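Observations on chain architecture
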Amino acid sequence: MEGLYFKYSDLQKALYGQKVYKLPVNYAVSCPNRDGTKGYGGCIFCSEKGSSHEAHENTVEISSQIIKNKEYIGPRYGAKLFDVYFQSYTNTYMPLDIFKGMINTAVNATDGIVGLSISTRPDCIDERYLDFLKEIKEKYSVGITIELGLQSVNERTLEKINRGHTLSDYVKSVILIKSYGFNVCTHMISTLPWDTENDLIDGAKMISALCGYGDSVKIHTLYIEDGTVIGEMYKNGEFEMPDMEEYFIRTSSFLANLKPDIAISRLTGRVSSETALFENWGRSHWVVEDGLREYMTQNGIIQGINYSDGNTGGMGRFRA
Ligand code: SF4
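Below, the structure is looked at part by part. (Residues numbered from 1 in each chain as written. Predicted model: local features only at pLDDT ≥ 70, side-chain atom pairs only at ≥ 80, totals over all residues. Heavy atoms only, no water.)

Here we have seven strands laid out as an open sheet, ordered β1-β2-β3-β4-β5-β6-β8, and parallel in their pairing. Sheet topology places β1 (20-25) and β8 (263-266) at the edges, where each strand pairs with a single neighbour. Direction aside, neighbouring strands of the sheet carry axes that sit 25 degrees apart on average. Judged from the six bridges that link them, strand β4 (residues 143-151) and strand β5 (residues 183-189) form a sheet pairing that is parallel. Looking at β5, one finds that Gln 151 is bridged to Met 188. (Pairing = 2+ DSSP bridges. Helix = DSSP H or I, 4+ residues; strand = E, 2+ residues; numbered from the N terminus. Axes fitted to C-alpha atoms, helices over the stretch in contact; angles between N-to-C directions.)

Here we come to helix α9 (residues 244-256). Taking 1.5 Å of rise per residue, the 13 residues of α9 would be expected to cover 18 Å, and the 18 Å separating its terminal C-alpha atoms lies within 8% of that figure. For α9, the tally of buried residues reaches 10 of 13 residues, placing the bulk of the element in the interior. Within the sequence span of α9, burial applies to Met 244, Tyr 247, Phe 248, Arg 250, Thr 251, Ser 252, Ser 253, Phe 254, Leu 255 and Ala 256. Summarising the contacts, the buried residues of α9 are in contact with β5, α7 (197-210), β6 (216-220), β8 and α10 (285-298). (Expected span 1.5 Å × (residues − 1). Buried < 20%, exposed > 50% of the residue type's maximum accessible area, 1.4 Å probe, protein only. Contact = heavy atoms within 4.5 Å.)

Let's shift gears to unusual backbone geometry. A positive phi angle is found at Ser 141, which is not glycine, with a value near 55 degrees. Relative to the elements of secondary structure, Ser 141 occurs in the loop between α4 (127-140) and β4. Phi at Asn 162 is positive, roughly 60 degrees, even though this residue is not glycine. For Asn 162, the location among the structural elements is in the loop between α5 (155-160) and α6 (167-179).

A separate point is the site of the ligand. Around the ligand there are nine residues in total, and Cys 31, Gly 42, Cys 43, Cys 46 and Arg 121 lie nearest to it. Looking at side-chain class alone, the shell around the ligand contains five nonpolar, two polar and two charged residues. (Near = heavy atom within 4 Å. Nonpolar A, V, L, I, M, F, W, Y, C, P; charged D, E, K, R; others polar.)

Here the focus is a nonpolar patch on the surface. On the surface, Leu 15, Tyr 16 and Tyr 213 cluster together into a nonpolar patch covering about 290 Å² of accessible area. Note that Tyr 213 resides in the loop between α7 and β6. (Patch = residues over 30% accessible without salt bridge, like charges linked within 9 Å, V, L, I, M, F, W, Y side chains within 5 Å. Areas by Shrake-Rupley, 256 points an atom, 1.4 Å probe, with all protein chains shown as cover. Salt bridge = Lys/Arg side-chain N within 4 Å of Asp/Glu carboxyl O.)

Now for the environment of Asn 33. Tracing the backbone shows Asn 33 in the loop between β1 and α2 (62-77). The buried category is assigned to Asn 33, whose relative accessible area is 0%. When sequence neighbours within four positions are dropped, the list of residues in contact with Asn 33 reads Lys 38, Gly 39, Tyr 40, Gly 41, Gly 42, Cys 43, Arg 121, Asn 162, Arg 163 and Gly 164. Side-chain polar atoms of Asn 33 contact the backbone oxygen of Asn 162, separated by 2.8 Å. (Polar contact = N/O pair within 3.5 Å; in protein donor to acceptor, adjacent residues only side chain to side chain.)

Written out as C-alpha coordinates, the structure is:
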(Lines give C-alpha, C1' and ligand atoms only; values in the text may rest on other atoms or scores of the structure.)
Protein backbone atom coordinates (compact mmCIF):
# COMPACT_ATOMS: atom_id res chain seq x y z
CA MET A 1 0.00 0.00 0.00
CA GLU A 2 1.39 3.39 -1.00
CA GLY A 3 0.00 6.56 0.51
CA LEU A 4 -2.62 6.91 3.22
CA TYR A 5 -4.89 4.08 2.15
CA PHE A 6 -5.17 1.31 -0.44
CA LYS A 7 -7.05 2.76 -3.39
CA TYR A 8 -9.45 0.59 -5.37
CA SER A 9 -7.91 1.87 -8.61
CA ASP A 10 -4.52 0.52 -7.43
CA LEU A 11 -6.10 -2.87 -6.75
CA GLN A 12 -7.52 -2.90 -10.28
CA LYS A 13 -4.16 -1.92 -11.78
CA ALA A 14 -2.49 -4.75 -9.84
CA LEU A 15 -5.10 -7.25 -11.08
CA TYR A 16 -5.57 -6.05 -14.67
CA GLY A 17 -2.56 -3.83 -15.40
CA GLN A 18 -4.83 -0.80 -15.88
CA LYS A 19 -7.83 0.93 -14.40
CA VAL A 20 -11.20 -0.77 -14.90
CA TYR A 21 -14.21 1.51 -15.37
CA LYS A 22 -17.68 0.89 -14.01
CA LEU A 23 -20.64 0.79 -16.41
CA PRO A 24 -23.70 1.34 -14.18
CA VAL A 25 -26.89 -0.52 -15.06
CA ASN A 26 -30.29 0.31 -13.67
CA TYR A 27 -32.55 -2.75 -13.84
CA ALA A 28 -36.24 -2.62 -12.99
CA VAL A 29 -36.15 -4.55 -9.72
CA SER A 30 -37.58 -3.75 -6.35
CA CYS A 31 -36.41 -4.37 -2.82
CA PRO A 32 -37.79 -6.68 -0.11
CA ASN A 33 -37.46 -3.77 2.29
CA ARG A 34 -39.99 -1.81 0.24
CA ASP A 35 -42.59 -4.33 -0.85
CA GLY A 36 -43.37 -5.77 2.60
CA THR A 37 -41.31 -8.97 2.37
CA LYS A 38 -38.83 -7.53 4.88
CA GLY A 39 -40.37 -4.18 5.54
CA TYR A 40 -42.26 -1.26 4.09
CA GLY A 41 -40.94 2.10 2.96
CA GLY A 42 -37.31 1.00 2.65
CA CYS A 43 -34.28 2.33 4.48
CA ILE A 44 -34.99 5.81 5.79
CA PHE A 45 -32.39 7.38 3.46
CA CYS A 46 -33.44 5.53 0.29
CA SER A 47 -35.19 7.50 -2.43
CA GLU A 48 -37.62 6.12 -4.99
CA LYS A 49 -34.62 5.56 -7.27
CA GLY A 50 -33.21 2.94 -4.89
CA SER A 51 -29.93 4.61 -3.94
CA SER A 52 -28.80 5.29 -7.49
CA HIS A 53 -28.60 8.56 -9.33
CA GLU A 54 -25.85 8.01 -11.86
CA ALA A 55 -27.45 5.39 -14.06
CA HIS A 56 -29.86 5.54 -17.02
CA GLU A 57 -33.60 5.12 -16.48
CA ASN A 58 -34.54 1.49 -15.97
CA THR A 59 -36.82 1.61 -19.01
CA VAL A 60 -33.70 1.54 -21.23
CA GLU A 61 -32.77 -2.00 -22.20
CA ILE A 62 -29.71 -3.42 -20.33
CA SER A 63 -27.40 -3.88 -23.31
CA SER A 64 -28.24 -0.34 -24.53
CA GLN A 65 -27.39 1.09 -21.09
CA ILE A 66 -24.05 -0.74 -21.13
CA ILE A 67 -23.17 0.32 -24.68
CA LYS A 68 -24.23 3.96 -24.13
CA ASN A 69 -22.18 4.19 -20.94
CA LYS A 70 -19.20 2.58 -22.64
CA GLU A 71 -19.47 5.01 -25.58
CA TYR A 72 -19.42 7.89 -23.09
CA ILE A 73 -16.73 6.62 -20.70
CA GLY A 74 -14.45 4.84 -23.20
CA PRO A 75 -13.22 7.82 -25.27
CA ARG A 76 -13.40 10.26 -22.37
CA TYR A 77 -10.98 8.31 -20.14
CA GLY A 78 -9.25 6.07 -22.69
CA ALA A 79 -10.97 3.18 -20.91
CA LYS A 80 -10.57 -0.30 -22.36
CA LEU A 81 -11.70 -2.59 -19.56
CA PHE A 82 -15.09 -2.44 -17.88
CA ASP A 83 -17.03 -3.74 -14.92
CA VAL A 84 -20.81 -3.88 -15.34
CA TYR A 85 -22.31 -2.52 -12.15
CA PHE A 86 -25.87 -3.45 -11.17
CA GLN A 87 -26.32 -0.58 -8.81
CA SER A 88 -29.94 0.19 -8.00
CA TYR A 89 -32.17 -1.63 -5.54
CA THR A 90 -31.60 -5.33 -4.75
CA ASN A 91 -30.27 -7.10 -7.83
CA THR A 92 -30.75 -10.65 -6.59
CA TYR A 93 -34.36 -10.00 -5.62
CA MET A 94 -35.96 -11.57 -8.68
CA PRO A 95 -36.74 -15.08 -9.93
CA LEU A 96 -33.59 -17.00 -10.79
CA ASP A 97 -34.38 -17.33 -14.51
CA ILE A 98 -34.78 -13.55 -14.81
CA PHE A 99 -31.52 -13.03 -12.94
CA LYS A 100 -29.81 -15.43 -15.35
CA GLY A 101 -31.18 -13.54 -18.35
CA MET A 102 -30.04 -10.20 -16.89
CA ILE A 103 -26.49 -11.46 -16.28
CA ASN A 104 -26.21 -13.23 -19.65
CA THR A 105 -27.32 -10.07 -21.46
CA ALA A 106 -24.79 -7.97 -19.57
CA VAL A 107 -21.81 -10.20 -20.09
CA ASN A 108 -22.50 -10.46 -23.84
CA ALA A 109 -23.37 -6.78 -24.40
CA THR A 110 -19.96 -5.63 -25.62
CA ASP A 111 -16.27 -6.47 -25.52
CA GLY A 112 -13.89 -5.42 -22.76
CA ILE A 113 -16.07 -6.60 -19.86
CA VAL A 114 -13.79 -8.11 -17.20
CA GLY A 115 -16.08 -7.95 -14.19
CA LEU A 116 -19.61 -7.92 -12.86
CA SER A 117 -20.52 -6.05 -9.68
CA ILE A 118 -23.92 -6.88 -8.24
CA SER A 119 -25.45 -4.80 -5.46
CA THR A 120 -27.73 -6.57 -3.05
CA ARG A 121 -28.74 -6.91 0.58
CA PRO A 122 -26.98 -9.29 2.99
CA ASP A 123 -30.25 -11.18 3.52
CA CYS A 124 -31.02 -11.55 -0.17
CA ILE A 125 -28.41 -13.84 -1.70
CA ASP A 126 -28.18 -17.62 -1.68
CA GLU A 127 -26.42 -20.58 -3.31
CA ARG A 128 -28.69 -20.70 -6.40
CA TYR A 129 -27.57 -17.24 -7.52
CA LEU A 130 -23.96 -17.85 -6.54
CA ASP A 131 -23.83 -21.24 -8.35
CA PHE A 132 -24.97 -19.52 -11.53
CA LEU A 133 -22.44 -16.70 -11.10
CA LYS A 134 -19.71 -19.30 -10.68
CA GLU A 135 -20.68 -20.75 -14.09
CA ILE A 136 -20.55 -17.25 -15.58
CA LYS A 137 -17.16 -16.58 -14.02
CA GLU A 138 -15.71 -19.78 -15.47
CA LYS A 139 -17.33 -19.42 -18.91
CA TYR A 140 -16.48 -15.73 -19.49
CA SER A 141 -13.42 -15.27 -17.24
CA VAL A 142 -14.99 -12.33 -15.45
CA GLY A 143 -14.42 -11.30 -11.86
CA ILE A 144 -17.50 -11.35 -9.64
CA THR A 145 -18.01 -8.78 -6.90
CA ILE A 146 -21.04 -8.80 -4.66
CA GLU A 147 -21.71 -5.35 -3.22
CA LEU A 148 -23.39 -5.65 0.17
CA GLY A 149 -25.03 -2.76 1.94
CA LEU A 150 -24.27 -2.99 5.64
CA GLN A 151 -24.12 0.75 6.53
CA SER A 152 -23.62 0.25 10.28
CA VAL A 153 -22.57 -2.56 12.61
CA ASN A 154 -24.65 -1.09 15.43
CA GLU A 155 -27.89 -3.10 15.68
CA ARG A 156 -29.76 -0.12 17.22
CA THR A 157 -28.72 2.04 14.29
CA LEU A 158 -29.76 -0.67 11.82
CA GLU A 159 -33.20 -0.60 13.42
CA LYS A 160 -33.31 3.19 13.44
CA ILE A 161 -32.55 3.39 9.72
CA ASN A 162 -35.01 0.56 9.01
CA ARG A 163 -32.53 -1.70 7.26
CA GLY A 164 -34.62 -4.80 7.92
CA HIS A 165 -31.54 -7.03 8.29
CA THR A 166 -29.10 -7.75 11.10
CA LEU A 167 -25.35 -7.75 11.46
CA SER A 168 -25.37 -11.54 11.54
CA ASP A 169 -27.09 -11.56 8.12
CA TYR A 170 -24.05 -9.68 6.81
CA VAL A 171 -21.58 -12.07 8.46
CA LYS A 172 -23.38 -15.14 7.07
CA SER A 173 -23.59 -13.74 3.55
CA VAL A 174 -19.90 -12.72 3.42
CA ILE A 175 -18.81 -16.20 4.58
CA LEU A 176 -21.02 -17.74 1.88
CA ILE A 177 -19.85 -15.40 -0.90
CA LYS A 178 -16.18 -15.85 0.00
CA SER A 179 -16.64 -19.65 -0.13
CA TYR A 180 -17.28 -19.18 -3.88
CA GLY A 181 -14.06 -17.18 -4.29
CA PHE A 182 -15.98 -14.01 -5.18
CA ASN A 183 -15.07 -10.55 -3.97
CA VAL A 184 -17.13 -8.53 -1.53
CA CYS A 185 -17.52 -4.77 -1.53
CA THR A 186 -19.07 -3.61 1.74
CA HIS A 187 -21.00 -0.34 1.85
CA MET A 188 -20.79 1.63 5.10
CA ILE A 189 -22.01 5.08 6.09
CA SER A 190 -19.54 7.12 8.14
CA THR A 191 -21.82 9.92 9.36
CA LEU A 192 -25.03 8.32 10.58
CA PRO A 193 -26.17 10.58 13.44
CA TRP A 194 -26.93 7.56 15.65
CA ASP A 195 -23.44 6.04 15.31
CA THR A 196 -20.23 7.00 17.10
CA GLU A 197 -16.54 6.73 16.29
CA ASN A 198 -16.49 3.41 18.18
CA ASP A 199 -19.15 1.98 15.87
CA LEU A 200 -16.93 2.83 12.89
CA ILE A 201 -13.97 1.14 14.60
CA ASP A 202 -16.12 -1.94 15.29
CA GLY A 203 -17.17 -1.90 11.63
CA ALA A 204 -13.57 -1.85 10.43
CA LYS A 205 -12.71 -4.77 12.72
CA MET A 206 -15.74 -6.77 11.57
CA ILE A 207 -14.95 -6.26 7.87
CA SER A 208 -11.25 -7.02 8.45
CA ALA A 209 -12.14 -10.32 10.13
CA LEU A 210 -14.14 -11.43 7.06
CA CYS A 211 -12.48 -9.82 4.03
CA GLY A 212 -9.03 -9.47 2.51
CA TYR A 213 -7.13 -8.86 -0.71
CA GLY A 214 -9.51 -8.41 -3.65
CA ASP A 215 -12.26 -7.10 -1.39
CA SER A 216 -13.17 -3.46 -0.98
CA VAL A 217 -15.16 -0.93 1.02
CA LYS A 218 -17.27 2.04 0.05
CA ILE A 219 -17.49 4.28 3.08
CA HIS A 220 -20.03 6.94 2.22
CA THR A 221 -20.97 10.15 3.92
CA LEU A 222 -24.70 10.28 4.63
CA TYR A 223 -26.58 12.48 2.19
CA ILE A 224 -30.17 13.46 2.79
CA GLU A 225 -32.64 13.69 -0.06
CA ASP A 226 -35.97 15.43 -0.12
CA GLY A 227 -38.87 12.98 -0.28
CA THR A 228 -37.23 10.40 1.98
CA VAL A 229 -38.10 9.48 5.57
CA ILE A 230 -34.81 10.88 6.83
CA GLY A 231 -35.47 14.02 4.79
CA GLU A 232 -38.65 14.63 6.80
CA MET A 233 -36.84 13.91 10.08
CA TYR A 234 -34.10 16.36 9.08
CA LYS A 235 -36.60 19.09 8.19
CA ASN A 236 -38.36 18.49 11.53
CA GLY A 237 -35.06 18.91 13.40
CA GLU A 238 -35.19 15.37 14.84
CA PHE A 239 -31.39 15.00 14.69
CA GLU A 240 -28.25 16.94 13.90
CA MET A 241 -25.75 15.89 11.32
CA PRO A 242 -22.20 15.26 12.56
CA ASP A 243 -19.88 18.09 11.46
CA MET A 244 -16.97 17.68 9.07
CA GLU A 245 -14.41 17.36 11.88
CA GLU A 246 -16.42 14.40 13.21
CA TYR A 247 -16.37 12.91 9.69
CA PHE A 248 -12.56 13.20 9.67
CA ILE A 249 -12.33 11.52 13.10
CA ARG A 250 -14.73 8.68 12.32
CA THR A 251 -13.41 7.91 8.83
CA SER A 252 -9.74 8.06 9.80
CA SER A 253 -10.44 5.78 12.79
CA PHE A 254 -12.26 3.37 10.48
CA LEU A 255 -9.31 3.32 8.08
CA ALA A 256 -6.77 3.00 10.90
CA ASN A 257 -8.49 -0.20 12.05
CA LEU A 258 -9.08 -1.67 8.59
CA LYS A 259 -6.82 -4.42 7.25
CA PRO A 260 -4.34 -2.74 4.87
CA ASP A 261 -5.06 -5.05 1.90
CA ILE A 262 -8.79 -4.18 1.71
CA ALA A 263 -9.23 -1.56 -1.01
CA ILE A 264 -11.09 1.72 -0.53
CA SER A 265 -13.49 2.49 -3.33
CA ARG A 266 -15.28 5.56 -1.94
CA LEU A 267 -14.83 8.03 0.90
CA THR A 268 -17.90 10.21 0.40
CA GLY A 269 -21.46 9.88 -0.90
CA ARG A 270 -22.95 11.94 -3.71
CA VAL A 271 -26.45 12.74 -4.79
CA SER A 272 -28.22 14.89 -7.35
CA SER A 273 -28.14 18.52 -6.18
CA GLU A 274 -31.80 18.92 -7.25
CA THR A 275 -33.01 16.65 -4.46
CA ALA A 276 -30.29 17.15 -1.83
CA LEU A 277 -31.24 18.62 1.56
CA PHE A 278 -27.78 17.82 2.93
CA GLU A 279 -24.71 16.68 1.03
CA ASN A 280 -21.09 16.87 2.19
CA TRP A 281 -21.58 20.06 4.20
CA GLY A 282 -22.30 21.98 1.03
CA ARG A 283 -18.85 21.31 -0.38
CA SER A 284 -17.56 19.30 -3.34
CA HIS A 285 -16.78 15.70 -2.48
CA TRP A 286 -13.13 16.18 -3.48
CA VAL A 287 -12.76 19.13 -1.08
CA VAL A 288 -14.08 16.94 1.76
CA GLU A 289 -11.81 14.05 0.75
CA ASP A 290 -8.78 16.38 0.50
CA GLY A 291 -9.62 17.57 4.02
CA LEU A 292 -9.68 13.96 5.25
CA ARG A 293 -6.30 13.23 3.68
CA GLU A 294 -4.86 16.36 5.26
CA TYR A 295 -6.28 15.36 8.67
CA MET A 296 -4.80 11.86 8.34
CA THR A 297 -1.41 13.25 7.32
CA GLN A 298 -1.33 15.75 10.20
CA ASN A 299 -2.23 13.03 12.69
CA GLY A 300 0.06 10.31 11.31
CA ILE A 301 -2.86 8.02 10.41
CA ILE A 302 -2.65 5.46 7.61
CA GLN A 303 -4.91 2.53 6.79
CA GLY A 304 -4.27 -0.41 9.09
CA ILE A 305 -2.04 1.42 11.57
CA ASN A 306 -4.22 0.12 14.44
CA TYR A 307 -5.15 -3.16 12.75
CA SER A 308 -4.30 -6.39 14.49
CA ASP A 309 -5.42 -9.88 13.54
CA GLY A 310 -5.72 -10.55 17.27
CA ASN A 311 -3.87 -13.83 16.93
CA THR A 312 -1.61 -14.44 19.91
CA GLY A 313 -0.31 -17.64 18.39
CA GLY A 314 -2.04 -19.84 20.99
CA MET A 315 -0.87 -20.74 24.47
CA GLY A 316 2.41 -22.08 23.10
CA ARG A 317 3.62 -18.54 22.73
CA PHE A 318 3.40 -18.01 26.47
CA ARG A 319 5.17 -21.21 27.55
CA ALA A 320 8.54 -21.00 29.17
S1 SF4 B 1 -31.97 -2.10 0.86
FE2 SF4 B 1 -31.19 -0.65 -0.71
S3 SF4 B 1 -32.81 -0.48 -2.25
FE4 SF4 B 1 -33.73 -1.43 -0.41
S5 SF4 B 1 -34.65 0.27 0.71
FE6 SF4 B 1 -32.56 -0.02 1.53
S7 SF4 B 1 -31.19 1.33 0.32
FE8 SF4 B 1 -33.17 1.16 -0.76
